[in-house]
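For reference, the chains in residue letters:
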Amino acid sequence: TRGRLYLGLDFGTSGARFGIIDKSGTIQAEAKREYPLYLSGESYDWVRSWKETLFLLLQDVPRDLRKHIVSISIDGTSATTIIVDSDTGEPLWRPFLYNESCPDALPTVKSIAPPNHTVCTGSSTLCKLVSWWNRVGSNKKPALLLHQADWLLWLLHGKLGVTDYNNALKVGYDPGLDSYPSWLVCQPYYHLLPSVVAPGTPIACLKEEIRNKFGFKKDCVVCAGTTDSIAAFLAARATQPGKAVTSLGSTLAIKLLSNTRIEDSRFGVYSHRLDDKWLVGGASNTGGAVLRQLFTDDQLEKLSEQINPSETSPLDYYPLPKAGERFPVADPNLAPRLLPRPESDVEYLHGILESIARIEAKAYGLLKELGATQVDEVFTAGGGAKNDKWIKIRERVLGLPVCRANQTEAAYGAALLATRGDQQNIL
Ligand code: ADP
């Protein structure tokens, strides 16, 4: 027998995936789709692409598994914002993408929010909302703000106006107070904001027409989602305070589970709520992008084999793809330091990997200084995680156990969220 299964969907920047797990967390199926592109005037019709991809992925779910799926959740890119008609749920405007900036709204947002609040950046959800509000003027239809994940979940459950406290952070929701703050409640667009529940909270049953069309289980519930980077953290199952995940992709991003909440906009450090704990994060511009400027992946592998990771490299660099750093050094003009270059490429790479490890150590040190729980174990993800020599170097420099995360797909994290919505699992 298949038992009870959980479906997680991840809507990332370039495509979407699903993962199906059983109660023990074992993957039963997974698949991936690129977004089909539809031109609409000057830009792309993203809403159409996402919607189509959602239903294509549901079709990709093996038929024999569908009737065993008891719960579904979705993660989406953070701060991707859709303003919809509050009667029909249909978008009133093209979506604002995660990385889109609305600098026109920034002065207004800065004038209402506390200094250095997470919303005080042009790409925050609140700036997107305020920019839309000012652009549309009077004569607005009754509207609602949803995040990408909320809107896709709505297509499945049909209950309009619900989000989770991870997605809602960048619109100004205060997960510590568990409410929208008073400075937001008094704004004329407050009524557009969705109600907020914990990620993984069951919202409603899967719509009957979808259930019948695809053959999903009766009573299959659809649960509140989260953002893509939080879902990727959940995938690593670092569930105790002091456990952290370092992602070594093009950049170096760290996330630490902490008992305390910390924020520091100078370093771009902020905390997401995860139940009774806080997920503290920051991102450095160092990382794989610099390595890729200097070496091919093939060279990286061959040169790394020759490194002795227990030896300390005397070379001290600050590898950056271009000038400017925010975390753990807040300096928009910080110049890359990649000289002197020794004759041996093995020594050069050793120096670079060790320098990036020192930046990682400094980053965890800074989170501690800012008041977060001390890190005691690091899981690692991204392209750099496959480098065993680097892992050894990092263990020595950090003075901590470092290991590759077993699961790193956000879709796996979304499936874990879906397990929370299974009432039978809770009881
Ligand atoms: P992203 O998703 O951010 O683009 P990935 O997680 O796919 O990045 O990782 C790609 C990065 O991994 C590249 O920048 C590359 O330099 C780095 N990389 C690939 N192979 C290795 C290796 N063996 N050792 C260290 N870094 C590597």
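Look up a bit, the structure's there.
The following paragraphs examine the structure supplied in this document. Predicted model only: the values in this text are computed from it and were never measured.

### Describing helix H13 (residues 410–420)
Of all eleven residues in H13, ten are buried; the element is thus mostly enclosed. When we look at burial in H13, the residues that qualify are Ala410, Ala411, Tyr412, Gly413, Ala414, Ala415, Leu416, Leu417, Ala418 and Thr419.

### Observations regarding the sheet that holds strand S14 (residues 252–258)
The strand order across the open sheet formed by six strands is S15-S16-S14-S13-S17-S18, and the pairing between neighbours is mixed. Of all strands in the sheet, those bounded by a partner on one side alone are strand S15 (270–274) and strand S18 (402–404). The sheet shows a mean angle of 25 degrees between the axes of neighbouring strands, direction not considered. Pairing of strand S17 (residues 377–381) with S18 involves three bridges; the strand directions are parallel. When the sheet's bridge partners are listed, Phe379 is paired in S18 with Cys403. In the packing of helix H8 (residues 228–235) onto the sheet, the strands contacted are strand S13 (243–248), S14, S15 and strand S16 (277–284), and the crossing angle to S15 comes to about 60 degrees. Relative to S14, helix H11 (residues 345–369) is tilted by about 35 degrees, and along the sheet it contacts S13, S14, S16 and S17.

### Comments concerning a nonpolar patch on the surface
There is a patch of nonpolar side chains on the surface, built from Leu37, Leu39 and Tyr44 and spanning about 330 Å² of accessible area. Residue placement: Leu37 occurs in the loop between strand S3 (27–34) and strand S4 (39–40).

### So, the sheet that holds S3
Spatially, S3-S2-S1-S6-S12-S11 is the arrangement adopted by the six strands of the open sheet, whose pairing is mixed. The open sheet terminates on both sides in strands that have one partner only, identified here as S3 and strand S11 (202–205). In this sheet, adjacent strand axes meet at a mean angle of 20 degrees when their direction is disregarded. Bridge count for strand S6 (residues 69–76) against strand S12 (residues 221–227) is five bridges, and the pairing is parallel. Within the sheet, the bridge partner assigned to Asp75 lies in S12 and is Thr226. Docked against the sheet, H8 engages strand S1 (5–11), S6 and S12, running at close to 105 degrees with respect to S12. Across the face of the sheet, H13 comes into contact with S1, strand S2 (15–21), S3, S6 and S12 while running at roughly 135 degrees to S1.

### Some points on the site of the ligand
Near the ligand, the surroundings consist of 14 residues, among which Gly249, Ser250, Gly288, Gly383 and Asn387 are the closest. In the environment of the ligand, an oxygen atom lies 2.8 Å from a nitrogen or oxygen atom belonging to the backbone of Gly383. Asn387 places a side-chain nitrogen or oxygen 3.0 Å from a nitrogen atom of the ligand. Contact with the protein chains removes 74% of the 580 Å² of surface that the ligand exposes when unbound. Of all the elements in the fold, those that place two or more residues in the shell around the ligand are helix H9 (288–294) and helix H10 (297–305). A total of four residues in the shell around the ligand trace back to one element, the largest contributor, which is H9.

### Quick look at the packing of aromatic side chains
The tally for this structure, following the rule as stated, stands at twelve aromatic pairs. Summarising the aromatic geometry, the rings of Phe55 and Phe214 are spaced 6.3 Å apart at their centres and angled 20 degrees between planes, so their arrangement reads as stacked. On the criterion of sequence distance, the pair formed by Phe55 in helix H1 (residues 46–60) and Phe214 in helix H7 (residues 208–214) is long-range, its members being 159 residues apart. When its relative accessible area of 4% is taken as the criterion, Phe214 is described as buried. The rings of Phe11, Tyr35, Tyr44, Trp46 and Trp50 are connected pair by pair, giving a single aromatic cluster. The ring of Tyr38 carries the charged tip of Arg48 above its face, separated from the ring centre by 3.6 Å. A cation over an aromatic ring shows up here: Lys140 above the ring of Trp133, its NZ or CZ 3.8 Å from the ring centre.

### A short note on the pairing of S12
Here is the key point about a regular strand: its side chains alternate between the two faces of the sheet. With seven of seven residues buried, S12 is to be regarded as a mostly interior element. Here S11 runs beside S12; their pairing, made up of three bridges, is antiparallel. For Pro202, the partnering residue across the bridge sits in S12 and is Cys223.

### Overview of the nonpolar core
Within the largest apolar cluster, 39 residues are counted, with the highest numbers of intra-cluster contacts made by Phe327, Leu349, Ile352 and Leu367. Breaking this core down by element, the ones donating at least two residues are S13, S14, H9, H10, H11 and helix H12 (388–398). With eleven residues, the single largest contributor to this core is H11. Ile352 has contacts with Leu291, Leu294, Phe295, Tyr317, Pro319 and Leu338, leaving out every residue within four places of it along the chain. Counting 38 residues, the second largest nonpolar core, distinct from the first, contains Ile210, Phe214, Phe216 and Val222.

### Concerning the pattern of salt bridges
Note on pairing: side chains with opposite charge can pair once their charged atoms come close. Here the structure, examined in full by the defined rule, presents 21 salt bridges. As a salt-bridge pair, Arg261 and Glu263 come within 3.3 Å of each other at their nearest N and O atoms. Assessed through its relative accessible area of 41%, Glu263 is described here as partly exposed. Measuring nitrogen to oxygen at the nearest pair gives 2.8 Å for the salt bridge that ties Asp297 to Arg292. Among the residues examined, Asp297 registers a relative accessible area of 36% and is labelled partly exposed. The structure contains a network of salt bridges with shared partners spanning Asp174, Arg261 and Glu263.

### Brief notes about the packing of H1 against helix H5 (residues 148–157)
Each pair of packed helices can be described by the angle between their axes along with the distance between the axes. Axis separation between H1 and H5 bottoms out at 11 Å; the angle between their running directions is 50 degrees. Relative to H5, the element H1 lies oblique. H1 and H5 meet at a crossing whose hand is right-handed. The segment H1 lies against H5, with Val47, Trp50, Lys51, Leu54, Phe55 and Leu58 engaging Gln148, Trp151, Leu152, Leu155 and Leu156. A breakdown of the residues in the contact of H1 with H5 according to their chemical character gives nine nonpolar, one polar and one charged.

Basis of the calculations
- Residues numbered from 1 in each chain as written.
- Predicted model: local features only at pLDDT ≥ 70, side-chain atom pairs only at ≥ 80, totals over all residues.
- Heavy atoms only, no water.
- Buried < 20%, exposed > 50% of the residue type's maximum accessible area, 1.4 Å probe, protein only.
- Helix = DSSP H or I, 4+ residues; strand = E, 2+ residues; numbered from the N terminus.
- Pairing = 2+ DSSP bridges.
- Axes fitted to C-alpha atoms, helices over the stretch in contact; angles between N-to-C directions.
- Contact = heavy atoms within 4.5 Å.
- Patch = residues over 30% accessible without salt bridge, like charges linked within 9 Å, V, L, I, M, F, W, Y side chains within 5 Å.
- Areas by Shrake-Rupley, 256 points an atom, 1.4 Å probe, with all protein chains shown as cover.
- Salt bridge = Lys/Arg side-chain N within 4 Å of Asp/Glu carboxyl O.
- Near = heavy atom within 4 Å.
- Polar contact = N/O pair within 3.5 Å; in protein donor to acceptor, adjacent residues only side chain to side chain.
- Phe/Tyr/Trp six-rings, centres within 6.5 Å; stacked < 30°, edge-to-face > 60°.
- Lys NZ or Arg CZ within 6 Å of the ring centre and 35° of its normal.
- Core = buried A, V, L, I, M, F, W, Y, C linked by side-chain atoms within 4.5 Å.
- Parallel < 35°, antiparallel > 145°, perpendicular 65-115°, else oblique.
- Left-handed = near helix turned anticlockwise from the far one by under 90°.
- Nonpolar A, V, L, I, M, F, W, Y, C, P; charged D, E, K, R; others polar.

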